[in-house]
Amino acid sequence: MDFSFTEEQQAAAEAARGVCAGVAPDAVPSPALTAGAVAEGFDRELWARLAGADLLSLLLAEEHGGAGLDAVALCLVLRETAAVLARVPLLEHSAALAVLQAHAGQEPAGALLARAGRGEVTLTVAAHGRTGHDPAQLAVTARRDGARWVLDGTQTAVAWACDADLVVVPAVADAGRTVLAVVPREHAGVGIAEQYATGGERLGELRLDSVTLGAGDVVDAEGAWEELRELLTVGTCAQALGLGGRVLRMTAEYTGKREQFGFPLATFQAVAVQAADRYIDLRAMEATLWQAAWRITARTPGALPVAGDVAVAKIWAAEGVRRIVQTAQHLHGGFGADVDYPLHRYHAWAKQLELALGPAAAHEEALGDLLAAHPLS
């Protein structure tokens, strides 16, 4: 294992840092003061800058106008965008493109990939199922009707569903196999009901009522949904890492300047110990993330399947980001809840990421099942 980053990966992270340099975490109204969504859509200006820096086509091959990079590079970029609470569907868009490139046919996928890589078409993914607790693919059924496919079902909490041009929807077909359907947002039988995330972003409940698609709009390759789900998961862990790192830096700056009894808060042992614990959380989140991203990219055999590394990354990301923001709010005192100070926004986003990743106990159970099935020798 070599966790050092290549020059290309570092260049992608540097480009993302430059693009996000002027992004303000409080550019939209506070979710604490907004009854609905904090904004109607995502940050189109930032989206255009990401496209201009070739960061939307990061995982695409050169023939589609991309850089041909991997999941590690995507996670490096997502770490930078999450640090400023960038309101863009970069994770969903990039993951969907990578899987369509790997498993969809050349036509019409080739033209779609090039356009999406330039930011002309936006993709998102329905990944939370009907309730957010059951497997996503079981929420929608896909059946053959001659040369076409017919989809029925409902997916909840679809990120950017009200803004994306296309939604990649996992669905269960005959014999229990999972297919991926590329569904246009504006299409006969497609309905979207507004929902709202903890961080104030607009989500959508996607309702499919006898939606008919052509054969070229459905990917039925084995393993496509599993690959997409893995990319979405490690990307979410990368966002948690970026957010947690930024919050920890905010806490260090605040406690280093804020004085009590004539001394900076950071010099108090109780404060230093709590900050040190959260630093350990952050380093564990980082190590497990790069392990999972590397396994997804390399696909090398290991003691456990890739799912084991992904489960460990999810455990640390979900628990770690929660502990980091809670400690930060505690050490900030009243400033932690002040709506004029950005920390409360990070807390809301962290809670949304924690909910998206799911409870650590469930991942620990899944990891236990893997260990039972693959005894370590």
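Just so it is clear, the model here is predicted, and its values are computed rather than measured. (Residues numbered from 1 in each chain as written. Predicted model: local features only at pLDDT ≥ 70, side-chain atom pairs only at ≥ 80, totals over all residues. Heavy atoms only, no water.)

Could you give me a rundown of the overall build of the protein chain, with the residues and numbers involved?
On a plain count of helices and strands, the protein chain comes out with 10 helices and 10 strands. Here the protein chain has a C-alpha radius of gyration of 21 Å; the compact-globule value for 377 residues is 21 Å, and the two agree. By principal-axis analysis of the C-alpha atoms, the protein chain measures approximately 80 × 55 × 40 Å. Within the protein chain, the fraction of its 377 residues that count as buried is 51%. Pairs at least 24 apart in sequence give 73% of the contacts found in the protein chain among residues at least 6 apart. Carbon and sulfur atoms form 53% of the exposed surface of the protein chain, whose accessible area is close to 16600 Å². Across the protein chain, 29 positive and 46 negative side-chain charges occur, with their mean positions spaced 3 Å apart. (Helix = DSSP H or I, 4+ residues; strand = E, 2+ residues; numbered from the N terminus. Rg over C-alpha atoms; globule rule 2.2 N^0.38 Å. Buried < 20%, exposed > 50% of the residue type's maximum accessible area, 1.4 Å probe, protein only. Contact = heavy atoms within 4.5 Å. Areas by Shrake-Rupley, 256 points an atom, 1.4 Å probe, with all protein chains shown as cover. Lys, Arg positive; Asp, Glu negative; His and termini not counted. Charge placed at Lys NZ, Arg CZ, Asp CG, Glu CD.)

Describe in detail the packing of helix H8 (residues 306–332) against helix H10 (residues 360–373), supporting the description with residues and values.
Two packed helices can be described by the angle between their axes and the distance between those axes. At a minimum axis separation of 9 Å, H8 and H10 run at an interaxial angle of 160°. As the angle between them shows, H8 and H10 are arranged roughly antiparallel. The interaxial crossing formed by H8 with H10 has left-handed handedness. On H10, the residues touching Ala-307, Gly-308, Ala-311, Val-312, Lys-314, Ile-315 and Glu-319 of H8 are Ala-360, His-363, Glu-364, Leu-367 and Leu-370. (Axes fitted to C-alpha atoms, helices over the stretch in contact; angles between N-to-C directions. Parallel < 35°, antiparallel > 145°, perpendicular 65-115°, else oblique. Left-handed = near helix turned anticlockwise from the far one by under 90°.)

Provide a residue-level description of helix H2 (residues 44–52), including the pertinent values.
Buried within H2 are the following residues: Leu-46, Trp-47, Leu-50 and Ala-51. For H2, the angular spread of buried residues about the axis comes to 145°, placing them on one side. Structural note: H2 exposes Glu-45 and Gly-52 on the side pointing more than 90 degrees away from its buried face. Contacts made by the buried residues of H2 are with helix H1 (7–19) and helix H4 (90–103). Of the residues that open H2, the one with a side-chain oxygen 3.3 Å from the backbone nitrogen of Glu-45 is Asp-43. Where H2 ends, the next residue or the one after it, Asp-54, has phi of about 60°, a positive value. (Arc of directions from axis to C-beta. Polar contact = N/O pair within 3.5 Å; in protein donor to acceptor, adjacent residues only side chain to side chain.)

For the nonpolar core, give the residues involved together with the corresponding values.
Counting 89 residues, the largest nonpolar core has Leu-123, Leu-228 and Leu-243 as its most contacted members. Ranked by residue count, the leading element in this core is helix H6 (residues 224–257), at 14 residues. Aside from chain neighbours lying at most four places away, what touches Leu-123 is Pro-89, Glu-92, His-93, Ala-96, Leu-97, Leu-100, Ala-116, Ala-164, Leu-166 and Val-168. Counting 21 residues, the second-largest nonpolar core is a separate cluster that includes Ala-161, Val-183, Val-190 and Leu-208. (Core = buried A, V, L, I, M, F, W, Y, C linked by side-chain atoms within 4.5 Å.)

An account of helix H9 (residues 343–357) is needed here, citing residue identities and associated values.
Helix length check: H9, at 15 residues, gives a terminal C-alpha distance of 21 Å against a target of 21 Å (1.5 Å per residue), a fit within 8%. Among the residues of H9, those classed as buried are Leu-343, His-344, Arg-345, Tyr-346, Ala-348, Trp-349, Ala-350, Leu-353, Glu-354 and Leu-357. Looking at the packing, one finds that the buried side of H9 touches helix H3 (71–83), H6, H8 and H10. One or two residues past the end of H9 sits Gly-358, with phi positive at roughly 90°. (Expected span 1.5 Å × (residues − 1).)

Can you lay out the environment of Glu-62 for me, pointing to particular residues and giving the numbers?
With respect to the helices and strands, Glu-62 occurs in the loop between H2 and H3. Here Glu-62 falls in the exposed class, since its relative accessible area comes to 69%. With 52 residues separating them along the chain, Glu-62 and Ala-114 place their C-alpha atoms 9.8 Å apart.

Lay out the packing of aromatic side chains with the relevant residues and their values.
Each aromatic ring pair is summarised here by two numbers: the centre-to-centre distance and the angle between the ring planes. Tallying each qualifying case throughout the model produces five aromatic pairs. Between Phe-5 and Trp-290, the aromatic rings sit 5.0 Å apart at their centres with planes inclined by 75°, giving edge-to-face as the arrangement. Of this pair, Phe-5 sits in the segment before H1 while Trp-290 is found in helix H7 (residues 269–298), placing the two residues 285 residues apart along the sequence. Residue class for Phe-5 comes out partly exposed when judged on its relative accessible area of 25%. Ring pairing ties together the aromatic residues Phe-42, Trp-47 and Trp-160, which thus form one cluster. (Phe/Tyr/Trp six-rings, centres within 6.5 Å; stacked < 30°, edge-to-face > 60°.)

Lay out the pairing of strand E6 (residues 190–196) with the relevant residues and their values.
In this sheet, strand E7 (residues 202–214) lies alongside E6 in antiparallel orientation, the contact comprising seven bridges. Counterpart to Val-190 in the pairing with E7 is Leu-208. Between E6 and E7, which pair antiparallel and follow one another directly, the connecting turn spans five residues, one of which, Gly-200, has a positive phi of 95°. (Pairing = 2+ DSSP bridges.)

Remember, this is a structural readout, not a statement about activity or role.
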